[in-house]
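Secondary and tertiary structure notes
So you can see what is in the structure, the chains are spelled out below.
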Amino acid sequence: MRFVKILERVLIAIPIMLGVAIIVFMFMRLTPGDPVDLMMGDSGSVTQEEEEALREEFNLDKPLYVQMGYFLSGMARGDLGNSFTRRQPVADIIWQTLPATIELALAATVLALLIAMPIGIISAVRQYSVLDRVAMGGSFLGISMPNFWLGIVLILIFAVKLKMFPVAGRIDYGMELHYTTGFYVIDSILTGNWPAFVSSVKHLFLPAVTLGAAMAAIVARVIRSSMLEVLRQDYVILARAKGLNEFRVVVKHALRNALIPTVTVVGIQIGVLLGGNMIVETVFGWPGLGRLAVDAIFSRDYPLVQGVVMIYALTYVIANLVVDVLYTYINPKISL
Amino acid sequence: MLEIENLSMYYDTAKKPVKAIQNVSLKLDQGEILGLVGESGCGKSAMLLTIMRLIPYPGKIKYGQIKLDGENILTKPGREMRRLRGQKISMIFQDPMTTLNPVFKVGEQVRESLRIHEMVASNSSIPFLDGARKRKEMEMVLKLMQEVGIPSEESRYHEFPHQYSGGMQQRALIALALSCRPDLLLADEPTTALDVTIQAQIMALLKQINQERGTGIILVTHDLALAAEFCHRIAVMYAGEIVEMGKTQDVIENPQHPYTDGLLHSIPKITTQKQKLLPIMGTVPDLADLPEGCSFYPRCSQAHDKCLCAVDIVELLEGHQVRCAIYQ
Ligand SMILES: Nc1ncnc2c1ncn2[C@@H]1O[C@H](COP(=O)(O)OP(=O)(O)OP(=O)(O)O)[C@@H](O)[C@H]1O
Ligand SMILES: [Mg+2]
């Protein structure tokens, strides 16, 4: 039953993805700036014929609806086309950069939850305590600080001044690492390569903090407020009346209930994270999808932009589906 | 078994303290059922929560003692108090709909109680992975569910509270409260949320537990008729104080306090053909702003000047106590 419902949700995603594809296609063509002009600009003197040849190669000489037809039919076959600037299949480029982005996004999410959960819980249990006030003040900062600014400040303090962390990149230059998964932290653990592990974790830390800060702030607030609500409920008193100690009352009986609204917020925050990753990857020179998207947009590399945006949309759809499924597990009253 | 002496508990709110319990003394013997009767807001639930030492913030015990088997539980450290809760003293809460945790299976919630108090000993070196122990606990839970009258307990075990009706939820809570065979059961209006037939079944169940196991019960209710039928003794509460207490027969047939008298006249009897109901006029006073002297004075039909002074509780007949200026 659950499987059928999930399949249903997956099928609903298809028209959404189609809509996204059409919108991205149109927006890119409506944006001023011509990809061939931008490419030619770099190489100086180019003849009219060479330019024509490029346009023909990229199908830019065809009418828009024909171009869209190529794009959509290609996509239906799982072919995202070739990048204008890199002359490589878009799918290959994305496949190579995807692990970097996922690694950063996961690190940011895990870090955010690890910080936000205990802070949110303790703030609720010790409402109006010093810790509560400091934490809520801090989370207010976390919500209001823009990503790029936080990133630059962190780089200035911890990378430039204190030299505790590297400024940019994923791993020290020239460091040997045998790539299997493309997740540097995991690869270095798998191969037992400790210098590479330390280096990749250090590179990961600042961008993960920058990307996760807003999420941590919001999640801490949501957990705090839902815990405050839950801690007043009769079933919490029952848990105490059973003879449970306060830790189990809070962490088992109250938290499980407080997680229900929290999961929804985390789901929304994953969408926000996707937007933030373009900025954070650019600030930290992180070779992931976000930076790829920014580069592709600047060079009007239509197929690459389209491909990356499709991946973003897909990630968002999947994240929402996962949240919905997760929701049914933690809230027995809801089924898909 | 239970002895409460001069107990006072106030909610220290920002404005004035809410005097939820004032100078209450009472005793409960082994195997006895005491009815705690009074209007809404007079401090009945507060009384039970105080005995459990689970009064919510900003409630504070001002003075007094609560002795269980001769030991004052108010001075016990948290660890020992937790061992008493659920095992020696357990409580059935007022509202079954909100008292079970919505995210856990009902059977597991009952089993948790058995686990905390280690009702089934474990022979394994890793107790929490002990499958045999878990099975034994589950069997006990199923038996408890059967005893309190939850049908098809095997499947009910794995259901969540929202799949239960109100009556079934109350039964599950009773199963939970009885799971560790407590000596003292605090039942806070266990049947208010239920319809009359189920009410009768549940009361019969409690009576049976009381007779078979000698469990002492404090039954909180606002229903004097129910208390009269079910309890050995009755304590009538008004505005945080006990105004009359005695054997059920004495209190019902020979009420001494005007408030008890009023309560008795405001309940309809099915047996008598025609009877005029005499409601008590006025409302319960604000516990944060009690009148001087007798709290019932503003509503009392027999009020006079002496009522304005502090009134002590006095023993009129053997075991029949009254707090009223008439008898001072
Ligand atoms: N947290 C609190 N802060 C302040 N006052 C409170 C608090 N909780 C309860 N009270 C007050 O304490 C008094 C006693 O409440 P209690 O719940 O014991 O009444 P009750 O006799 O059980 O009533 P009912 O029959 O409606 O359950 C009430 O006047 C109530 O307003
Ligand atoms: Mg009550």
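The sections below set out a description of the structure shown in this document. (Residues numbered from 1 in each chain as written. Chains lettered and ligands numbered in written order. Predicted model: local features only at pLDDT ≥ 70, side-chain atom pairs only at ≥ 80, totals over all residues. Heavy atoms only, no water.)

For chain B, the helix and strand inventory stands at eleven helices and twelve strands. A globule of 328 residues ought to have a C-alpha radius of gyration of about 20 Å, and chain B, at 21 Å, matches this closely. Overall, the C-alpha framework of chain B stretches about 70 × 50 × 40 Å when taken along its three principal axes. Classification of the 328 residues of chain B by burial places 51% in the buried group. Considering only contacts in chain B between residues 6 or more positions apart, those separated by 24 or more positions represent 62%. (Helix = DSSP H or I, 4+ residues; strand = E, 2+ residues; numbered from the N terminus. Rg over C-alpha atoms; globule rule 2.2 N^0.38 Å. Buried < 20%, exposed > 50% of the residue type's maximum accessible area, 1.4 Å probe, protein only. Contact = heavy atoms within 4.5 Å.)

Here we take up the sheet that holds strand 1 (residues 2-11) of chain B. Residues and elements named next belong to chain B. The four strands are arranged 2-1-4-5 in an open sheet whose pairing can be described as antiparallel. Each edge of the sheet is formed by a strand with only one pairing partner; in this case those strands are strand 2 (18-28) and strand 5 (71-72). Pairing analysis gives seven bridges linking strand 1 to strand 2, with the strands arranged antiparallel. Within strand 2, the position partnered with Leu2 by the bridge is Leu28. (Pairing = 2+ DSSP bridges.)

To continue, consider the environment of A:Leu292. Residues and elements named next belong to chain A. Relative to the helices and strands, Leu292 resides in helix 12 (residues 289-298). Look at Leu292 and you get buried, because its relative accessible area is 4%. Aside from chain neighbours lying at most four places away, what touches Leu292 is Arg86, Ile93, Thr97, Leu304 and Val308.

Before going further, it helps to examine the pattern of salt bridges. In a structure, side chains of opposite charge can pair up when their charged atoms sit close to one another. Scanning the entire structure with this criterion turns up 29 salt bridges over all chains. Taking the shortest distance from any N to any O, the salt bridge between A:Glu229 and A:Arg232 comes out at 3.0 Å. Of the residues examined, A:Glu229 reaches a relative accessible area of 39% and is grouped as partly exposed. Exposure remark for A:Arg232: the relative accessible area of 61% places this residue in the exposed category. Linking B:Glu71 and B:Lys76 is a salt bridge whose minimum nitrogen-to-oxygen distance equals 2.7 Å. Here the salt bridges do not stand alone but share partners, grouping B:Glu108, B:Arg111, B:Arg115, B:Arg133 and B:Glu137 into one network. (Salt bridge = Lys/Arg side-chain N within 4 Å of Asp/Glu carboxyl O.)

Residue and element names in this part refer to chain B. Every protein donor of the magnesium ion (ligand 2) is accounted for by Ser45 (OG) and Gln94 (OE1), and the metal-donor separations fall at 1.8 to 2.4 Å. Taken together, the residues Ser45 in helix 1 (residues 44-52) and Gln94 in the loop between strand 6 (89-92) and helix 3 (96-99) connect sequence positions 49 residues apart. A relative accessible area of 24% means that Ser45 is categorised as partly exposed. (Donors = N, O, S within 2.8 Å, 3.2 Å for Na, K, Ca; no water.)

With that settled, the discussion passes to the site of ligand 1. Residues and elements named next belong to chain B. Looking at ligand 1, there are 16 residues lining it, with Ser40, Gly41, Ser45, Ala46 and Gln94 nearest. In this structure, Cys42 approaches ligand 1 through a main-chain N or O atom, which is 3.3 Å from an oxygen atom. Contact with the protein chains hides 68% of the accessible area of ligand 1, taken as 650 Å² for the molecule alone. Listed by contribution, the elements that provide at least two residues to the shell around ligand 1 are strand 2 and helix 1. When residues in the shell around ligand 1 are grouped by element, the largest group, three residues, is from helix 1. Grouping the constituent residues of the shell around ligand 1 by class yields eight nonpolar, six polar and two charged. (Near = heavy atom within 4 Å. Polar contact = N/O pair within 3.5 Å; in protein donor to acceptor, adjacent residues only side chain to side chain. Areas by Shrake-Rupley, 256 points an atom, 1.4 Å probe, with all protein chains shown as cover. Nonpolar A, V, L, I, M, F, W, Y, C, P; charged D, E, K, R; others polar.)

Looking now at the nonpolar core. Counting 97 residues, the largest nonpolar core has B:Leu2, B:Ile51, B:Leu184, B:Leu186 and B:Ile218 as the members making the most contacts within it. The element best represented in this core is helix 7 (residues 166-178) of chain B, accounting for eight residues. A:Val24, A:Leu289, A:Leu304 and A:Val305 belong to the second-largest nonpolar core, a separate cluster that totals 24 residues. (Core = buried A, V, L, I, M, F, W, Y, C linked by side-chain atoms within 4.5 Å.)

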